[in-house]
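# Architecture and fold: a report
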Amino acid sequence: MNPTITAFESSPDRGRGLARDMRVRWALEEAGQPYEVRLVSFSAMKEPAHLALHPFGQIPTYEEGDLVLFESGAIVLHIAEHHAGLLPDEANARARAIAWMFAAVNTVETPILDLQTAKFAEGNKPWAEQRLPIVMDRIRDRLKQLSARLGDTDWLDGAFSAGDLMMVGVLLRLKASGLLDECPNVAAYVARGETRPAFKRAFAAQLAVFTGQPLTS
Ligand code: GTB
């Protein structure tokens, strides 16, 4: 039986691929694993039926037989561990790819989330104008560090892995900010991820939810 994931019934990003089901869809597409999607409204996410799957009442979730998972990183790791192509076979390389997955959500995504908070949740506070440049500079620091490590390579550590999938998934959120353009090799890295056929299929699938158009293959 195919796994089932949850996604926004009506995503605030209007199908720009910024909600976190995108990473999970992308991993499933890379793995060649067909999947079902259950769309949930904001109110349904806070109902007991969804809270039984996700203690924080969010998307995405992942159901496969008896297994229920939440947290996009954990879901992508599970998919990567059970399918070829997203994690290297060699033990040390595999451990490093998983380290990049953690770096994506724990080290790079955190200041990016601060930027969203500073702009949208705290934008009307009297101190918002002072805070915004501080938060932006924290992101700049991370991007410069990532840029230095990436150098002129295509991916973070050898072949494309779940580490790159998570990192590109996190960095996508910066596209509208202009910050990516300050590090051209990081911008090119994100663009490289977006040109992968699996990314395109995942993107089209989540966009189709917003536009209401059926997917054509
Ligand atoms: N750490 C968790 C994970 O990685 O899975 C975070 C999950 C999470 O934040 N889910 C969000 C959610 O369900 C959707 S992705 N929010 C509803 C709630 O908390 O009530 C976050 C998101 C939302 C909207 C946009 N956007 O509009 O651009 C982008 C990302």
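Check the entry above for the structure.
Residues numbered from 1 in each chain as written. Predicted model: local features only at pLDDT ≥ 70, side-chain atom pairs only at ≥ 80, totals over all residues. Heavy atoms only, no water.

Within the largest apolar cluster, 55 residues are counted, with the highest numbers of intra-cluster contacts made by Ile-79, Leu-143, Met-167, Leu-171 and Leu-174. Looking at this core, the elements with two or more residues in it are helix H1 (21–31), helix H3 (72–82), helix H4 (91–121), helix H5 (128–150), helix H6 (162–171), helix H7 (184–194) and helix H8 (197–211). Per-element accounting of this core gives the leading share, 10 residues, to H4. A domain split of this core shows at least three residues from each of domain 1 (4–85 + 198–211) and domain 2 (91–196). Those residues in contact with Ile-79 that sit more than four places away from it in its chain are Val-24, Ala-27, Leu-28, Ala-31, Tyr-62 and Leu-86. Listed in part, the 5 residues of the second largest apolar core include Phe-8, Val-40, Met-45 and Ile-59. (Core = buried A, V, L, I, M, F, W, Y, C linked by side-chain atoms within 4.5 Å. Buried < 20%, exposed > 50% of the residue type's maximum accessible area, 1.4 Å probe, protein only. Helix = DSSP H or I, 4+ residues; strand = E, 2+ residues; numbered from the N terminus. Domains from an automatic or database assignment. Contact = heavy atoms within 4.5 Å.)

Moving on, we come to the layout of surface pockets. The volume enclosed by the largest pocket comes to roughly 1100 Å³. Around the largest pocket sit 42 residues that line it, and Leu-18, Ala-19, Arg-20, Leu-113 and Arg-173 are the ones nearest its centre. Looking at the lining of the largest pocket, the elements with two or more residues in it are H3, H4 and H8. Per element, the largest residue contribution to the lining of the largest pocket is 11 residues, and it comes from H4. Split by residue class, the lining of the largest pocket holds 22 nonpolar, 9 polar and 11 charged. (1 Å grid on protein atoms, 1.4 Å probe; cavity = no way out; pocket = protein on both sides within 12 Å on 5 of 7 lines; lining within 4 Å. Points joined across faces, edges and corners; volume = space filled by probe spheres on them. Nonpolar A, V, L, I, M, F, W, Y, C, P; charged D, E, K, R; others polar.)

Here we come to the packing of aromatic side chains. Counted by the stated rule, this structure contains 7 aromatic pairs. Consider the rings of Trp-26 and Phe-160, whose centres lie 5.8 Å apart with planes at 35°: the pair is tilted. Of this pair, Trp-26 sits in helix H1 while Phe-160 sits in the loop between H5 and H6; the two residues are 134 residues apart in sequence, bridging distant segments of the chain. Look at Trp-155 and Tyr-189: their rings are 5.8 Å apart centre to centre, the planes differ by 65°, and that puts the pair in the edge-to-face class. Taken as a pair, Trp-155 in the loop between H5 and H6 and Tyr-189 in helix H7 lie far apart in primary sequence, 34 residues in all. Looking at Trp-155, the relative accessible area reads 11%, which means it is buried. Residue classification places Tyr-189 among the buried positions, given a relative accessible area of 0%. Taken together, the ring pairs connect Trp-26, Trp-155, Phe-160, Tyr-189, Phe-199 and Phe-203 into an aromatic cluster. If you follow Arg-196 out to its NZ or CZ, it ends over the ring of Phe-160, 3.6 Å from the centre. (Phe/Tyr/Trp six-rings, centres within 6.5 Å; stacked < 30°, edge-to-face > 60°. Lys NZ or Arg CZ within 6 Å of the ring centre and 35° of its normal.)

Between H3 and H4, whose axes approach to 11 Å, the crossing angle comes to 160°. Viewed along their axes, H3 and H4 adopt a mutual orientation that is roughly antiparallel. The way H3 lies across H4 gives a crossing that is right-handed. Of the residues in H4, those in contact with Gly-73, Val-76, Leu-77 and Glu-81 of H3 are Arg-94, Ile-98 and Met-101. Residue composition of the contact of H3 with H4, by class: 4 nonpolar, 1 polar and 2 charged. (Axes fitted to C-alpha atoms, helices over the stretch in contact; angles between N-to-C directions. Parallel < 35°, antiparallel > 145°, perpendicular 65-115°, else oblique. Left-handed = near helix turned anticlockwise from the far one by under 90°.)

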